[in-house]
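Spelled out, the chains give:
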Amino acid sequence: MTIPKMLKKEGYHTGIVGKWHLGLGQGDVDWNESVSPGPNEIGFDYSYIMAATQDRVPTVYLENGMVDGLDPNDPIEIGYQKNFDGEPTGKDNPELLKMKWHHGHNNSIVNGIPRIGFMKGGEKAKWSDVDMADHFLEKAQNYVKKHKNETFFLYYALQQPHVPRTPNPRFVGSTDLGPRGDVIVEADWCIGEFLKTLEETGILENTLIILSSDNGPVLNDGYYDDAVERIGDHDAKGGLRGGKYSLFEAGTRVPFMVYWEGKIKPVKSDALVCQLDLMSSLAELVGSNEKGPDSQELLDVFMGKSRNGREELVLEATSRTALRKGDWIMIPPYKGPEIATPVNIEMANSPEFQLYNLDDDIAQQKNLAKSNQDKLEKMITDYKAIVGSQNSDIEPLELK
């Protein structure tokens with residue numbers, strides 16, 4: 001069961017626009033035919049997405065499983081192990097680059113940007129990176145205008161600030177943080193324009209809006225774009241420890257805002273919630289009996305009527321897990337480097353257990369595992385009761 005499947009049963013039209021990156025097709029994908037399974041097979045009536053991420057091939061859009069604008073006389077060929085004869089790459093042809101790669105992004109070049117993976121063909125279907133935000137915004141706006149007179153669910157997944165960070169020229173220089181800062185301003189603008197569309201179509205007061213993110217921040221994530229050099233004294237982590245890929249708070253705690261004009265009063269809540277909880281909570285909202293197996297019904301928390309969130313939550317980052325219970329977090333021992341290079345992020349790997357109380361140590365500087373053995377043992381017991389066993393023997397993630 002998925003959110004769009006559940007909502008379709010209740011009469012909603014369902015759509016997705018933007019970044020997908022949850023997998024497409026089965027194994028070796030033929031991008032010149034209908035790609036399935038994808039969003040349409042898990043509950044979305046309409047889908048307009050990028051094939052993976054902006055830094056990967058194929059650099060094309062798909063509409064309902066078909067590559068948008070593909071010339072059948074110029075078929076797409078994709079490989080992730082071996083290049084196609086005669087095709088330039090970021091590694092071998094630096095003179096063709098408009099953006100320099102730092103790590104992992106040195107294969108096929110599209111629009112002067114080296115990507116992950118190799119691509120040949122599909123020239124007319126290739127996207128324009130600097131116009132991507134506008135392109136997705138227009139698709140999202142058109143979806144709203146088309147379905148404004150019926151109940152609908154739209155998942156609008158912005159690609160910013162994922163690399164490569166390619167702000168439209170009108171946003172270049174809008175911050176002093178370089179492309180990373182500029183695309184965040186661009187994303188903010190996109191959200192504002194989308195809200196205007198809801199208002200202009202007369203449905204803002206009848207629309208529940210949820211804004212969130214998939215992970216914490218990262219600066220150097222594959223390209224030289226001055227993200228590290230220009231950050232200055234700005235703390236992208238907001239006082240938290242770690243970042244993307246990390247089991248520390250900056251990796252797993254993400255922005256989460258719920259807005260409903262005239263229905264939700266502005267309030268800041270410390271309630272513990274998870275995106276998994278949207279499944280059961282939205283089902284409650286629309287009168288569905290469907291529930292997600294790990295999803296708690298927390299509609300009153302999302303609506304600002306209650307601050308009683310989850311009691312516990314298993315956190316996950318790069319296949320490693322930890323337990324959050326109340327204000328406490330227990331991280332089991334894990335192999336691997338303490339600092340992930342080249343992203344320069346603390347991963348929370350340690351040969352020893354870690355125990356933190358976020359109520360008085362939000363930055364996770366004081367490991368209480370040795371000084372509070374009773375609490376540690378209780379957390380370990382609760383963790384094993386959910387996870388099954390401590391998964392400390394997994395191989396450490398290698399970032400490339």
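*Asks:* Where do I start with helix H3 (residues 179-200) in this structure?
*Replies:* Count 3.6 residues to each turn of an α-helix, and residues three or four apart come out pointing the same way. With 22 residues, H3 extends 31 Å from end C-alpha to end C-alpha; this agrees with the ideal 32 Å at 1.5 Å per step. What H3 keeps buried is the set Arg180, Gly181, Asp182, Val183, Glu186, Ala187, Cys190, Glu193, Phe194, Thr197 and Leu198. In the segment just after H3, glycine 202 is the residue with positive phi, at about 80 degrees.

*Asks:* For this particular structure, what's the right way to read the sheet that holds strand E13 (residues 320-325)?
*Replies:* Neighbouring strands of a sheet are bound in pairs by backbone hydrogen bonds; such pairs are parallel or else antiparallel. One open sheet accounts for four strands, arranged E12-E13-E14-E17; its pairing is antiparallel. Because the sheet does not close on itself, it has two edges, and the strands there are strand E12 (312-317) and strand E17 (354-357). Geometrically, the sheet is characterised by an average inter-axis angle of 20 degrees between neighbouring strands, direction not taken into account. Strand direction decides the pairing type here: strand E14 (residues 328-331) and E17, joined by four bridges, are antiparallel. Across the sheet, isoleucine 331 pairs through a bridge with glutamine 354, a residue of E17. Of the strands in this sheet, E12, E13, E14 and E17 touch helix H7 (residues 373-387), which is tilted by about 120 degrees from E13.

*Asks:* So what exactly am I meant to see when it comes to the pairing of E14 here?
*Replies:* Strand residues, when the strand is regular, have side chains that alternate between the two faces of the sheet. Because side chains alternate across E14, one face comprises the buried residues Trp328 and Met330, and the other comprises Ile329 and Ile331, equally buried. In the sheet, E13 pairs with E14 via three bridges, with the strands oriented antiparallel. Within E14, the residue paired with lysine 325 across the bridge is tryptophan 328. In sequence, E13 turns back onto E14 through a hairpin of two residues, with glycine 326 there showing a positive phi of about 65 degrees.

*Asks:* Explain unusual backbone geometry to me, please; I cannot follow it from the model alone.
*Replies:* Keep in mind that most residues, glycine aside, have a negative phi and that most peptide bonds are trans. Of note, the amide linkage connecting valine 57 to proline 58 takes the cis form, showing an omega dihedral of 0 degrees. Considering the arrangement of structural elements, one finds proline 58 in the loop between strand E2 (46-50) and strand E3 (61-63). The linkage connecting threonine 341 with the following residue, proline 342, adopts the cis geometry, with an omega of 5 degrees. Position of proline 342 relative to the elements: it lies in the loop between strand E15 (339-340) and strand E16 (345-346). Unlike most non-glycine residues, asparagine 64 shows phi in positive territory, near 50 degrees. Looking at the element boundaries, asparagine 64 is found in the loop between E3 and strand E4 (66-67). Backbone geometry at tyrosine 245 places phi at a positive 85 degrees, although glycine is not the residue there. Relative to the assigned elements, tyrosine 245 resides in the loop between strand E10 (209-212) and helix H4 (249-252).

*Asks:* Which parts of the structure should I look at to understand the pattern of salt bridges?
*Replies:* A side chain with one charge can pair with a side chain of the opposite charge if their charged atoms come near. Throughout the structure, instances matching the rule amount to 20 salt bridges. Note that arginine 253 and glutamate 249 form a salt bridge whose closest N and O atoms lie 2.7 Å from each other. A residue is classified by how much of its surface remains accessible, and arginine 253, at 38% relative accessible area, is partly exposed. Measuring nitrogen to oxygen at the nearest pair gives 2.8 Å for the salt bridge that ties aspartate 382 to lysine 378. One end of the pair, aspartate 382, and the other, lysine 378, are both in helix H7, four residues apart, so they sit about a helical turn from each other. With a relative accessible area of 13%, aspartate 382 lands in the buried category. Taken together, the salt bridges that share partners define one network made up of Glu312, Lys325, Lys378 and Asp382.

*Asks:* What is the right way to read the nonpolar core from this model?
*Replies:* Burial of nonpolar side chains together is a common tendency in soluble globular proteins. Membership of the largest hydrophobic core comes to 23 residues, with the highest contact counts inside it found for Leu247, Met330, Ile331, Leu355, Leu376 and Met379. Taken together, the elements giving at least two residues each to this core come down to E12, E13, E14, E17 and H7. Once residues within four sequence positions are removed from consideration, isoleucine 331 is found in contact with Leu247, Phe248, Ala322, Ala348, Glu352, Phe353, Gln354 and Tyr356. Residues Val17, Trp127, Leu198 and Ile203 belong to the second largest nonpolar core, which totals 22 residues.

*Asks:* When you look at the environment of leucine 278 in this model, what are you seeing that I'm missing?
*Replies:* As for its placement among the helices and strands, leucine 278 is situated in helix H5 (residues 277-286). Leucine 278 sits 32 residues away from arginine 310 along the chain, and the two C-alpha atoms are 13 Å apart.

*Asks:* Is there a simple way to explain H7 in this structure?
*Replies:* Taking 1.5 Å per residue as the helical rise, H7 with its 15 residues ought to reach 21 Å, and the 21 Å between its terminal C-alpha atoms agrees with that figure. Those residues of H7 lying buried are Leu376, Met379, Ile380, Asp382 and Tyr383. The inward-facing, buried residues of H7 contact E13, E14 and E17. Backbone geometry just downstream of H7 places glycine 388 in the positive-phi region, at approximately 110 degrees.

Quick notes on the rules
- Residues numbered from 1 in each chain as written.
- Predicted model: local features only at pLDDT ≥ 70, side-chain atom pairs only at ≥ 80, totals over all residues.
- Heavy atoms only, no water.
- Helix = DSSP H or I, 4+ residues; strand = E, 2+ residues; numbered from the N terminus.
- Expected span 1.5 Å × (residues − 1).
- Buried < 20%, exposed > 50% of the residue type's maximum accessible area, 1.4 Å probe, protein only.
- Pairing = 2+ DSSP bridges.
- Axes fitted to C-alpha atoms, helices over the stretch in contact; angles between N-to-C directions.
- Contact = heavy atoms within 4.5 Å.
- Salt bridge = Lys/Arg side-chain N within 4 Å of Asp/Glu carboxyl O.
- Core = buried A, V, L, I, M, F, W, Y, C linked by side-chain atoms within 4.5 Å.

Structural measurements only, silent on function.
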